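Below are the chains, spelled out letter by letter.
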Amino acid sequence: MTQIGGVYSFCAGVTLQLIVGFATVAPPITAQTTAAPHLETSKPVTGNYMVSGSNGTTCLLASMGLQLNITFSSVSQNKTVQDVVNLQPNGTQSSGSCSSSSASLLLTTDGWKTNLTFHFTLNTTSSKYHLSELSLSAVWPDMKENFSASNNSLNYLRGTSGHSYMCRSEQNLYVNSNLSINTFQLQVQPFGLTGEQFGAAEECQLDEDDMLIPIIVGAALAVLVLIVLLAYLIGRKRSHAGYQTI
């Protein structure tokens, strides 16, 4: 064994000489993989949910697509992430309770151990109700710790007892900095149900605005057509007056 230029050469019948200057060999780089974010891009499927009272009759009806916007500490990415997850109706069970002035809807999924609660309050004097509280608890595989968020001072989904609240448009229900819920094709009635059917719907402002836009466009077109017609008639009348003068 001989040393050449600071590098050892081993001879075994054939001598291989290596001449090495000043060179640094970088260690191999190992690619770091992280779980892809679970961001939903499609609209959620509409689910139908109901709650029965102590006497067995239906006291709350809801039909809606739900999308969770949630911020939590991720195990796989070792940082705080924002996720958007659609609630799947076929894996969701509904339960809850009703009284003369309050009603709650609890949606539970087994797969991800997710509990989402809607709490409605009725003003018995004005017969007006609203969504007063939203809460979510979740234990997902990628969460470093159990997630919990709630807000009991909300004023969403306002309606009248005996009537349902309807909002076909997408709307966002803000709970806190870590949770908000997007609703799609929503119709809910927590008070004054007759049988298992929704009462007359009271539509949200978003739907009314969507209906107002085509009405405004139609009215503008009608005015434009009227202006063109009047201009044509005035021009024609002036033409006839010119012929009579000649």
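Residues numbered from 1 in each chain as written. Predicted model: local features only at pLDDT ≥ 70, side-chain atom pairs only at ≥ 80, totals over all residues. Heavy atoms only, no water.

Participant: Even after reading the chapter, I still don't get the state of the cysteines, so can you show me in this structure?
Facilitator: Under the definition given, this model contains two disulfides. Shown here is the disulfide that connects Cys-59 with Cys-98, its sulfur atoms set 1.9 Å apart. Residues Cys-59 and Cys-98 are joined through a disulfide that is right-handed, its torsion about the S-S bond being 75°. Of the two residues, Cys-59 sits in strand S4 (residues 58-74) while Cys-98 sits in strand S6 (residues 92-98), which places them 39 residues apart along the sequence. In this model, Cys-167 is linked to Cys-204 through a disulfide, with the two sulfur atoms separated by 2.1 Å. Taking the sign of the S-S torsion, 70° for the link of Cys-167 and Cys-204, the bridge is right-handed. Residue Cys-167 is found in strand S12 (residues 164-167), and its partner Cys-204 is found in the loop between strand S15 (201-203) and helix H1 (205-245); the two are separated by 37 residues along the sequence. Here Cys-204 falls in the buried class, since its relative accessible area comes to 4%. With cysteine numbering restricted to those in disulfides and following the sequence, the protein has the pairing 1-2, 3-4. (Disulfide = S-S within 2.5 Å. Helix = DSSP H or I, 4+ residues; strand = E, 2+ residues; numbered from the N terminus. Buried < 20%, exposed > 50% of the residue type's maximum accessible area, 1.4 Å probe, protein only.)

Participant: Is there a simple way to explain the packing of aromatic side chains in this structure?
Facilitator: Two descriptors summarise a pair of aromatic rings, namely the distance from one centre to the other and the angle between the planes of the rings. A full pass over the atoms with the stated rule returns two aromatic pairs. With a centroid separation of 5.9 Å and an interplanar angle of 80°, the aromatic rings of Phe-72 and Trp-140 are classed as edge-to-face. Residue Phe-72 is found in strand S4, and its partner Trp-140 is found in the loop between strand S9 (128-138) and strand S10 (147-151); the two are separated by 68 residues along the sequence. Owing to a relative accessible area of 8%, Phe-72 belongs among the buried residues under this scheme. Classification of Trp-140 by relative accessible area gives buried; the value is 7%. Between the aromatic rings of Tyr-129 and Phe-191, the centroid separation amounts to 5.9 Å while the plane-to-plane angle is 45°, which identifies the pairing as tilted. Highlighted residues: Tyr-129 in strand S9 and Phe-191 in the loop between strand S14 (179-189) and S15, separated in sequence by 62 residues. In this pair, the class of Tyr-129 matches that of Phe-191, namely buried. (Phe/Tyr/Trp six-rings, centres within 6.5 Å; stacked < 30°, edge-to-face > 60°.)

Participant: What's the story with the pattern of salt bridges in this structure? I'm lost.
Facilitator: A side chain of one charge can pair with a side chain of the opposite charge when the charged atoms of the two come close. Inspection of every chain in the model, using the stated rule, returns one salt bridge. One salt bridge connects Arg-168 with Glu-203, and the closest N-O pair in it is separated by 3.7 Å. Of this pair, Arg-168 sits in the loop between S12 and strand S13 (171-176) while Glu-203 is found in strand S15, placing the two residues 35 residues apart along the sequence. Among the residues examined, Glu-203 registers a relative accessible area of 28% and is labelled partly exposed. (Salt bridge = Lys/Arg side-chain N within 4 Å of Asp/Glu carboxyl O.)

Participant: How do you make sense of the confidence of the model for the protein when you look at a structure like this?
Facilitator: The predicted coordinates of low-pLDDT regions are not to be read in fine detail. Per-residue confidence for the protein averages 81 on the pLDDT scale, and 72% of its residues sit at or above 70. Note that residues 1-37 has pLDDT below 50 and, in this model, 20 contacts with residues that lie over four places away or in other chains. (pLDDT = per-residue confidence, 0-100. Contact = heavy atoms within 4.5 Å.)

Participant: I keep staring at the pairing of S13 and nothing clicks. Help me out?
Facilitator: Along any regular strand, the residues point their side chains to alternate faces of the sheet. As judged from the five bridges shared by S13 and S14, these two strands associate in the antiparallel manner. Residue pairing in the sheet places Gln-171 in a bridge with Thr-183 of S14. Turn length for the S13-S14 hairpin, with the two strands adjacent in sequence and antiparallel, is two residues. (Pairing = 2+ DSSP bridges.)

Participant: Would you mind going over the nonpolar core with me for this structure?
Facilitator: Side chains of a nonpolar character, in soluble globular proteins, are inclined to be buried together. Ranked by size, the top nonpolar core spans 41 residues in total, and within it Leu-116 and Phe-118 carry the most contacts. Of the residues forming this core, the biggest block, eight residues, is contributed by S4. Once residues lying within four places of it in the same chain are set aside, the contact partners of Phe-118 are Met-64, Leu-66, Ala-103, Ser-104, Leu-105, Leu-107, Leu-131, Glu-133 and Leu-134. (Core = buried A, V, L, I, M, F, W, Y, C linked by side-chain atoms within 4.5 Å.)

Participant: In this structure, what is going on with unusual backbone geometry? I would like to understand it.
Facilitator: Excluding glycine, most residues fall at negative phi; most peptide bonds, likewise, are trans. The residue Asn-78 is not glycine, and still its phi comes out positive at about 55°. Relative to the helices and strands, Asn-78 is located in the loop between S4 and strand S5 (79-86). What makes Asn-78 exposed here is its relative accessible area of 58%. Of note, Gln-185 is a non-glycine position whose phi angle comes to about 50°, a positive value. Here Gln-185 shows up in strand S14. Overall, the relative accessible area of 44% leaves Gln-185 in the partly exposed class.

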